[in-house]
Amino acid sequence: MGPDDLGRLVDLHAAALVLYARQWCAAAEDVVQEAFVKVASQRPPPDNPLGWLYRVVRNGALAVARSERRRRHHERGVAARVPAWFEPTEGIGLDAETATVALQTLPGDQREVVVAHLWGGLTFEQIGQLVGTSASTAHRRYLAALAALRERLHLPCPKT
Amino acid sequence: MSENVNDPGLNALEAGLQALTPRAPGLNRDALMFRAGQASAQRRWVWPLAAAASTLLAVGLGVFLALRQEPGPRVVTVYVQTPESSPSEKPLDVAPGKWAAGLPRYSRLVEDVWSHGLNGLPPEPNSAPDKPAKLEDLLRSL
């Protein structure tokens, strides 16, 4: 993979990949950086570099999370120390910190689908391949996650 | 599969979430690109291994040649029977005096031609008769 292609991937997808890795581990930047270094040394380069990157980041983040859990003897309050996942926003209906907390309370399989689809831009087919389920299962998890977020964010249900 | 969400409330939530920008990653882009370049240009081990193997082979062969017990020269005598030559295989006598004596000398011939013209040429051995034979002479000879 050439430097131009790699630079484009970094510019377009690094932030979403770091957000994706942050679901599991605190050292998300390290995991993403390693993934970019790995993709640059692939011979031949992967057919779908973005999907490949998400898979490598997922595997790396899960491995780091396991070692982080071993180091920690206390898990209470960890979520409170995790840095905010989003830039502070003003004038948008959703508060960044509130959305971060709401996302963190989602079940992991649902949160993963939401992050990969909304900020990673992956299709449900790609997400299904990534997490090892069908596209319809990924879609169901996505809808369930949105419904749960609506409840946690205390958003009113629209009148039908 | 349709990726749309049919619930308007979920649509609004989806749009609101999507408006959130992921926090800028703390990645050092230049360092990342440098490391990626290093990783992509890492030396492959094929050529160094091949060079090391051929060097070892050359050194081994050199040591083998240096330590080898050199055997002494071996003398072999081979007797070869040659067939006797037949008379037909005798070489021709090509002494220059024998064949050159019967021929006119070239320089003399040139001088005769220059001084007498074509008359200076030696007569042809089988020259044609001056006159054709007459019929009466032929009948008389019968």
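Numbering of residues starts from 1 in every chain and runs along the sequence as written. Lettering for chains starts from A, numbering for ligands starts from 1, and both go in the order in which the items are written. Given that the model is predicted, a residue must reach a pLDDT of at least 70 before its local features are reported, and side-chain atom pairs must reach 80 or more before they are shown or counted; all residues, however, enter totals for whole chains, interfaces and linings. Remark: hydrogens and water are excluded; side-chain values derive from all non-hydrogen atoms of the structure.

Q: Lay out the interface of chain A and chain B with the relevant residues and their values.
A: In what follows, a contact means two residues having at least one pair of non-hydrogen atoms within 4.5 Å. The interface of chain A with chain B comprises 47 residues on the first partner and 31 residues on the second. Contact between chain A and chain B buries roughly 3,500 Å² in total, counting both sides, with carbon and sulfur atoms accounting for 68%. Within this document, salt bridges are pairs made up of a side-chain nitrogen of Lys or Arg and a carboxyl oxygen of Asp or Glu, the two lying within 4 Å of each other. Along the contact surface separating chain A from chain B lie two salt bridges. Across the pair D11(A) and R29(B) runs a salt bridge whose closest N-O atoms are separated by 2.7 Å. We call two N or O atoms a polar contact when they sit within 3.5 Å, provided that within protein one can donate a hydrogen and the other can accept it, with sequence-adjacent residues counted only if both atoms are side-chain atoms. Connecting chain A to chain B are 10 residue pairs in polar contact (both at pLDDT 80 or more). Here the buried area means the combined drop in accessible surface, using a 1.4 Å probe, for two parts upon being joined, counting both sides.

Q: Could you give me a rundown of the environment of R55(A), with the residues and numbers involved?
A: Residue and element names in this part refer to chain A. Turning to its location among the elements, R55 is positioned in helix α3 (residues 49-71). Taking the C-alpha atoms as reference, R55 lies 8.3 Å from V131; in sequence the two are 76 residues apart. Apart from residues lying up to four places away in sequence, R55 is in contact with Q129 and L130. Within the local environment of R55, its side chain forms a polar contact with the backbone oxygen of Q129, the two atoms lying 2.8 Å apart. A helix here means a DSSP run of H or I that spans at least four residues, while a strand means a run of E at least two residues long, and both kinds are numbered starting from the N terminus.

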